[in-house]
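Here's the letter readout for the chains.
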Amino acid sequence: MTSRTCLSIILAAGEGTRMKSALPKVLHKIAGLPMVAHVARAAEAAGAGDLALVVGHGAEEVRKAAEKFAPRAELFVQEKRLGTADAVLAARAAIARGYDDILVMFGDTPLIDPTALAAARDRLANGAAVVVLGFRTDKPTGYGRLIEKGGRLVAIREEKDCSEEERRITFCNSGLMAIAGGQALKLLEAVGNANAKGEFYLTDIVGIASGQGLEVVATEASFESALGINNRAELAEAEAIWQQRRRREAMLAGVTLVAPETVFFSHDTEIGADTVVEPNVWFGPGVRIDPGASIHGFSHIEGATVASGSEVGPFARLRPGADLKKRAKVGNFCEVKKATVEEGAKVNHLTYIGDARVGAGANIGAGTITCNYDGYSKFFTDIGENAFIGSNSSLVAPVSIGNGGYVASGSVITEDVPEDALAFGRARQKNLPGKARELRARRAEAAKK
Ligand code: UD1
Ligand code: CA
């Protein structure tokens, strides 16, 4: 790693009209994390020093979100959207502190590759004044074209300002740029707005620097690195690429995905080796799956931890705070929320466990419900070790079932059940011999009349 100082500037002031959204564009999510946070992470992963975030449209919302994903970032407001060079200059105070390297990134280019950032900085270290990350594409429409002469980058021309011939160039500007800190302000201040859009283009510093005889270079990045998100179709495209990468990473790390294209991860999903994930599983944010768990098909899991040897699903829902210890089982049509299911406990069928603890080895019968909410507050249910809850029971919280407690099927439990006690919370059954035959005869007679 280089010892050079670095300022990373992320531009996120644009309106993003084509998203047709009340939410600022850069806060739209990929894998559950705002696009701009992906960019901030890539910068961090590349060791890209201090972070400046330029906001404008939806500034307050972006500021609030940034407190979470980049608490160290310094925020600058671009008052009017006068173009990308103007946006960078919104962070003038930070640039003026004097850094060796300035990295400029766009908040709507979420899949940028940290190694490409690091490579761009290496070129600065080797004497370049401006480094542009280019990419090649058959469909260059909308991108700035990289104009090279004699193997040197001499200008970037925006689509609207291109000649016919220039428009045919397929080497394009990703938007990512590295600028020598000592030159940055001088170059940016030299940018004018005499172009088709009347904007101050960041891309113009290439022509300016090149005209001054400074070294300007283009390096090549992947298409994904350059994928700019302008509408929801592109958002979905980026999501798909992200998911595909993550699935591959998981599989190469020892996770079996039976049908990888049907499994969806979050940006922070942790999943251990030898875990098997069946088709159609969704991981929301905050999930940790330890090695050797089984996640059966059609399970929806968020904010949960699942220990080794546990089984989830098929068709299970684990909500935030669900904590499955070793060899626990949560089966079909069960929902677990803010509850610990201790070692070897079984919650196998058609059950809701919320605000509860299920002790080690306990068995929860089909259709059991913890009644945790009275319309105002939530209450806790404690189920002891090796307890047995008969099917179709309601446990009305707050309530506890002692270790080894046994609840008869169909009970409504409103009082604590002591250790090893057998609890009936229902009316006793009464059999009336021969009464069914009598009843049928009476009904048949009545129907004749
Ligand atoms: C820009 C590049 C283009 C490149 C393309 C890659 C310029 C002039 N053009 O074009 O060469 O191929 O990205 O996707 O840089 N922004 C602000 N304030 C502004 C204007 C923009 O913060 O006043 C931000 C936007 O929020 C966005 C980024 O800068 O994150 C890029 O702006 P956008 O208008 O999308 O530029 P493009 O026309 O896509
Ligand atoms: Ca764009």
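All figures in this text were calculated on a predicted structure; none of them were measured in a lab.

Calculation rules
- Residues numbered from 1 in each chain as written.
- Chains lettered and ligands numbered in written order.
- Predicted model: local features only at pLDDT ≥ 70, side-chain atom pairs only at ≥ 80, totals over all residues.
- Heavy atoms only, no water.
- Helix = DSSP H or I, 4+ residues; strand = E, 2+ residues; numbered from the N terminus.
- Contact = heavy atoms within 4.5 Å.
- Pairing = 2+ DSSP bridges.
- Salt bridge = Lys/Arg side-chain N within 4 Å of Asp/Glu carboxyl O.
- Buried < 20%, exposed > 50% of the residue type's maximum accessible area, 1.4 Å probe, protein only.
- Near = heavy atom within 4 Å.
- Polar contact = N/O pair within 3.5 Å; in protein donor to acceptor, adjacent residues only side chain to side chain.
- Nonpolar A, V, L, I, M, F, W, Y, C, P; charged D, E, K, R; others polar.

On to the side chain of arginine 246. Here arginine 246 shows up in helix α10 (residues 232-252). Dropping the residues within four chain positions of it, arginine 246 is found in contact with Phe265, Thr269 and Ile271.

Pairing is parallel across the open sheet formed by 10 strands, whose spatial order is β12-β15-β18-β21-β24-β26-β28-β31-β34-β36. One side of each edge strand has no neighbouring strand; the edge strands of this open sheet are β12 (256-257) and β36 (422-423). For strand β18 (residues 294-295) and strand β21 (residues 311-312), the ladder comprises two bridges, and the chain directions are parallel. For isoleucine 295, the partnering residue across the bridge sits in β21 and is valine 312.

Following the criterion strictly, the structure yields 22 salt bridges and no others. Arginine 246 is paired through a salt bridge with glutamate 249; the nearest N and O atoms lie 3.5 Å apart. On the criterion of helical spacing, the pair formed by arginine 246 and glutamate 249 is a turn pair, its members being three residues apart in helix α10. Note on arginine 246: relative accessible area 12%, which makes it buried. By relative accessible area, glutamate 249 is classed as partly exposed at 48%. Overlapping salt bridges bring together Arg4, Asp101 and Arg121 as one network.

We now examine the pairing of strand β6 (residues 101-106). It is a general feature of regular strands that their side chains alternate between the two faces of the sheet. The element β6 is largely enclosed, with a buried count of five among its six residues. Pairing geometry for strand β1 (residues 6-12) and β6, over six bridges, is parallel. Looking at the pairing, leucine 11 lines up with phenylalanine 106 of β6. Relative to strand β10 (residues 171-180), β6 runs antiparallel, the two sharing four bridges. Within β10, the residue paired with leucine 103 across the bridge is alanine 178.

Around ligand 1 sit 21 residues in total, of which Gly14, Gln78, Thr84, Glu158 and Asn173 are the nearest. At a separation of 3.2 Å, an oxygen atom of ligand 1 approaches a polar backbone atom of leucine 11. Glycine 83 places a main-chain nitrogen or oxygen 2.9 Å from an oxygen atom of ligand 1. When grouped by side-chain class, the residues that make up the shell around ligand 1 number eight nonpolar, nine polar and four charged.

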